[in-house]
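Observations on chain architecture
For reference, the chains in residue letters:
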Amino acid sequence: MTTSAIPANSPAGTGETPLPAAPEPGAPGAPAEPAGPPGLVERLDGLDRLVQAGIGRLDKPVLDDADALLRRAGQRLRLSGDHTVVTLAGGTGSGKSSLFNAICGLELSPTGMRRPMTSKAHACVWGLDGAGPLLDWLDVDKRHRYARASALDLERADATLQGLVLIDLPDHDSVQAMHRAEVDRFVTIADLLVWVVDPQKYADAALHRNYIVPFARHAGVTLIVLNQVDRLAPHEIDDCVADLRRLLEAEGLADPRIVTTSAVAEDGVHGFRDTLVDTVAARRARTERLSADVDRAAERFTGYRFDAEPPVTVDDGRKAELLQALTDAAGAPAVAEAMESAYELRAADFIGWPVTAMVTRLRSDPLRRMRLTELREELRNAFTGPIGAQQGDVDNALQNVAEGVTAELPPHWGRSVRAAARSHAAEIPEALGESLKDALPTFNVVPRWWWLVKTWQYFLVLVAALSVVWIGFLVAYGLLDLGGDDQDGLIGQAGLIPYVVVLVVCTLGMGWLTASACRNMVALSSAKHGEKMEHHMRQGIERVAREKVVVPIEEDLEVYARFRRDVDVALGRG
């Protein structure tokens, strides 16, 4: 080849072609193109949903790594898809810089006996359009960027590698921490990882432990180059390759790709160069690398789900248990019983025998001191919400329903559902109190028959009173002769006294019988009244249970169900 490598940052007027600077991400003019083949975007979307669902639920390092991948993938997909970023990485003395120069055809990266020779990443680019923003994203120093074709030799440029961005990295086993950090950074963003090893150190523990094993899933975008084979006899090359392949497969690298090279032998890099040509021509390395990254990130989420289909609702049995527990915690049965008593006391004012009531008032009775007309407001003020032990009952109810649901969930999601069940725990007591207050009936509505009975009872009292007065007149005029000689008329006939007494007794008995019969009717009505009111209270408590407990739990269960589906999507199974 006769073309020459041109520094990308060389000044104008010297025949050198500078690489364009990258615009800010998202700025007008930044290259935009389709985001890879069908499937990759959907998988990235699925991974993004996994991260969003996992916030506050899953381990932070897993979420942080996935989020970093999403940002990196988004940036890479917005950059040139016509360029394939290939990194040459290896240990001290592996000859990667010599291999880099051999592929480029020029001495671009320093080589020598002193180690390490490469302290900064060097990049050589075939094809300039869109390469500048990509190299800026890769953070390659402009002093170490080289363009393989200039304006003077485009016709003689090697078109077979058009789109290649070849990067020579520092030694991964360098004593300089900054060199190792540079390698670590490029290993996570390169489209194709090329590990250059030599016959003496291809089993280097640092390489295999720090890079080969962690990136075993990336076999499709990993190439192992056994360099310096000119130092081996032909049969030794085969033995070395076989042993290297055995070692790589044992470490999880499925069907590893291995090529042999020699930077000093004639056509010693021909096989490696052909591999680069095929990789660049296919233009799949970028998406294959991102797919492998998504595989690796999504695999970490599989530990947060069970294979069994999860529940998405709280079953009716647990809902019933929750409702009963909250009903007991709110004291609804006691309220209903108290309201039955209040109903009967209220009825006594209307259907009770007034004579009995007057006798009762003559002695001290605590019940009569109650202001029944204010009972409803007193009850309203009393049930502003369960407190003390009742709050404990609420907590126990929440714990029981959550434990019943989370038995079928992984630990992290179980904690999330329990937290959802308790998300409104502080509001539930007051909400239960409000539901009881709303269920209390009004005391202003009185059945019509109560008024009829009351009218009838007072009529009987009036009859009895008039009869007693009549008896008084009969005694005064008929027996004591207070009326003189005139003994005629209804008040002068003493013989009427027994009949009038019978009338009084019958009237009083009729009133007592009426009150007794009405009390039995009221007792039956009060039982129905209590049942109806307890039903209304249970409806209110059921509404509180649904809004404050069941809905949050089911929403969290639905998040977990979507999470399980998104894991399959991110893994490429959905």
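Heads up: the structure comes first, above all this text.
Let me begin by describing the structure that accompanies this report. (Residues numbered from 1 in each chain as written. Predicted model: local features only at pLDDT ≥ 70, side-chain atom pairs only at ≥ 80, totals over all residues. Heavy atoms only, no water.)

Side note on the overall build of the chain
A count of helices and strands for the chain gives 19 helices and 8 strands. Here the chain holds 574 residues, and 45% of them are scored as buried. Long-range pairs, those at least 24 residues apart, make up 80% of the contacts in the chain with a sequence separation of at least 6. (Helix = DSSP H or I, 4+ residues; strand = E, 2+ residues; numbered from the N terminus. Buried < 20%, exposed > 50% of the residue type's maximum accessible area, 1.4 Å probe, protein only. Contact = heavy atoms within 4.5 Å.)

Here we look at the nonpolar core
Counting 62 residues, the largest nonpolar core has Leu47, Phe301, Leu326, Trp413, Ile553 and Phe563 as its most contacted members. For this core, the element with the most residues is helix α19 (residues 497-570), which contributes 14 residues. Dropping the residues within four chain positions of it, Ile553 is found in contact with Val314, Val401, Val405, Val417, Ala420 and Ala421. Ranked by size, the runner-up nonpolar core spans 39 residues in total, among them Leu135, Leu207, Tyr211 and Ala219. (Core = buried A, V, L, I, M, F, W, Y, C linked by side-chain atoms within 4.5 Å.)

Things to note about the environment of Val501
When you line up the elements, Val501 lands in helix α19. Separated by 30 residues in the primary sequence, Val501 and Ile471 place their C-alpha atoms 7.3 Å from one another.

Regarding the packing of helix α10 (residues 316-330) against α19
Remark: α10 packs on α19, axes separated minimally by 9 Å, with the N-to-C direction vectors making an angle of 125°. What the angle tells us is that α10 and α19 run oblique. For α10 against α19, the interelement crossing comes out right-handed. Of the residues in α19, those touching α10 at Lys319, Leu322, Leu323, Gln324, Leu326, Thr327 and Ala330 are Arg538, Ile541, Glu542, Ala545, Val549, Val550 and Glu554. (Axes fitted to C-alpha atoms, helices over the stretch in contact; angles between N-to-C directions. Parallel < 35°, antiparallel > 145°, perpendicular 65-115°, else oblique. Left-handed = near helix turned anticlockwise from the far one by under 90°.)

Considerations on the pattern of salt bridges
Scanning all chains against the criterion turns up 28 salt bridges. For Arg57, the salt bridge identified is with Asp556, shortest N-O distance 2.8 Å. Taken together, the residues Arg57 in the loop between α1 (40-54) and α2 (60-78) and Asp556 in helix α19 connect sequence positions 499 residues apart. Since its relative accessible area comes to 21%, Arg57 is described here as partly exposed. Put simply, Asp168 and Lys96 hold a salt bridge, and the shortest N to O gap is 3.9 Å. Residue Asp168 is found in strand β5 (residues 164-168), and its partner Lys96 is found in helix α3 (residues 96-104); the two are separated by 72 residues along the sequence. Residue Asp168 shares its accessibility class with Lys96, and that shared class is buried. (Salt bridge = Lys/Arg side-chain N within 4 Å of Asp/Glu carboxyl O.)

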